[in-house]
Amino acid sequence: MPVYEFLCGDCNTIFSFLSSRIDTETIPFCPKCKIKKLKRQMSSFSIICPKNEGDGDLGDDLDFNNLGIDEDKINRALKILEKGSGEINEDDPKGAVDLMRKMTDAAGFEITSDMEKILSKMEDGEDPSGIKEELGSVFDENVPFQKKGRRPLERRPLKDETLYDLHG
């Protein structure tokens, strides 16, 4: 059974809806506001998984250009990840940071200033648990990456963990 995600701009919250069938048309109302219709979200899993032959209608609506994402750049970033992930040494966070920087650049994104602070501390050899304690809230309040040339989002949406019925 498919699960669809929707964003309420007023609540700044993402809600998940379970459907008994594939349904790319239904847009529910916000479970909190009960008034405003939600905006369908593309999950990151759906964005990075290529469509396989025989998938039927799944993925037919996926258009990287409409999302403002360059598919070729994302594919280059994934190749960098594939090649570099086997070379990462968990005792050397500099390698992981370097891989993250290469992937971000290849994908056409840039690292926000808050995320840059975290990566710099990792490169300097600081203890990851201390970094998380000091700067872990960055991920609750901001998006760590942004498309090059765009202003960073002010606040990342909250995620409601309840699974709602799309047709109920």
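Here, every reference points to the structure presented above.
Residues numbered from 1 in each chain as written. Predicted model: local features only at pLDDT ≥ 70, side-chain atom pairs only at ≥ 80, totals over all residues. Heavy atoms only, no water.

Trainee: So, the overall build of the chain: which residues are in play, and what are the values?
Mentor: Helices and strands together make up the secondary structure of the chain, namely seven helices and six strands. Here the chain holds 168 residues, and 27% of them are scored as buried. The contacts in the chain between residues at least 6 apart in sequence include a share of 48% that link residues at least 24 apart. Carbon and sulfur atoms make up 51% of the accessible area of the chain, which totals about 11,600 Å². (Helix = DSSP H or I, 4+ residues; strand = E, 2+ residues; numbered from the N terminus. Buried < 20%, exposed > 50% of the residue type's maximum accessible area, 1.4 Å probe, protein only. Contact = heavy atoms within 4.5 Å. Areas by Shrake-Rupley, 256 points an atom, 1.4 Å probe, with all protein chains shown as cover.)

Trainee: Which residues make up the side chain of Thr13, and what values do they have?
Mentor: Along the chain, the position of Thr13 falls in strand β2 (residues 13–18). Classification of Thr13 by relative accessible area gives buried; the value is 2%.

Trainee: An account of the layout of surface pockets is needed here, citing residue identities and associated values.
Mentor: Reported here for the second largest pocket is a volume of approximately 160 Å³. Around the second largest pocket sit Ile80, Lys83, Gly84, Glu87, Ile88, Gly95, Asp98, Leu99 and Lys102, which together line it. Elements that contribute at least two residues to the lining of the second largest pocket include exactly α3 (71–85) and α4 (93–106). Ranked by residue count, the leading element in the lining of the second largest pocket is α4, at four residues. Residues belonging to the lining of the second largest pocket are distributed by class as follows: three nonpolar, two polar and four charged. (1 Å grid on protein atoms, 1.4 Å probe; cavity = no way out; pocket = protein on both sides within 12 Å on 5 of 7 lines; lining within 4 Å. Points joined across faces, edges and corners; volume = space filled by probe spheres on them. Nonpolar A, V, L, I, M, F, W, Y, C, P; charged D, E, K, R; others polar.)

Trainee: Which residues make up the packing of aromatic side chains, and what are the values?
Mentor: Applying the stated criterion across every chain yields a total of three aromatic pairs. Plain terms: the ring middles of Phe6 and Phe17 are 5.5 Å apart, the flat faces sit at 85° to each other, and that makes the pair edge-to-face. Of the two residues, Phe6 sits in strand β1 (residues 3–8) while Phe17 sits in strand β2, which places them 11 residues apart along the sequence. Taken as a pair, Phe6 and Phe17 share a single burial class, namely buried. (Phe/Tyr/Trp six-rings, centres within 6.5 Å; stacked < 30°, edge-to-face > 60°.)

Trainee: Before we move on, could you go through the environment of Met42 and cite the residues and values that matter?
Mentor: With respect to the element layout, Met42 can be found in the loop between β3 (39–41) and α1 (44–48). By relative accessible area, which is 35% here, Met42 ends up partly exposed. With 36 residues separating them in the primary sequence, Met42 and Phe6 have C-alpha atoms 8.5 Å apart.

Trainee: Just give me the short version of the nonpolar core, but keep the residues and values in it.
Mentor: Considering soluble globular proteins, one finds that nonpolar side chains tend to be buried as a cluster. Listed in full, the nine residues of the largest apolar core are Tyr4, Phe6, Cys8, Cys11, Phe15, Phe17, Cys30, Leu38 and Leu166. Among the elements of the structure, β1 and β2 are those that each provide at least two residues to this core. Ranked by residue count, the leading element in this core is β1, at three residues. With sequence-adjacent residues up to four places away left out, Cys11 is seen in contact with Cys30, Lys32 and Cys33. (Core = buried A, V, L, I, M, F, W, Y, C linked by side-chain atoms within 4.5 Å.)

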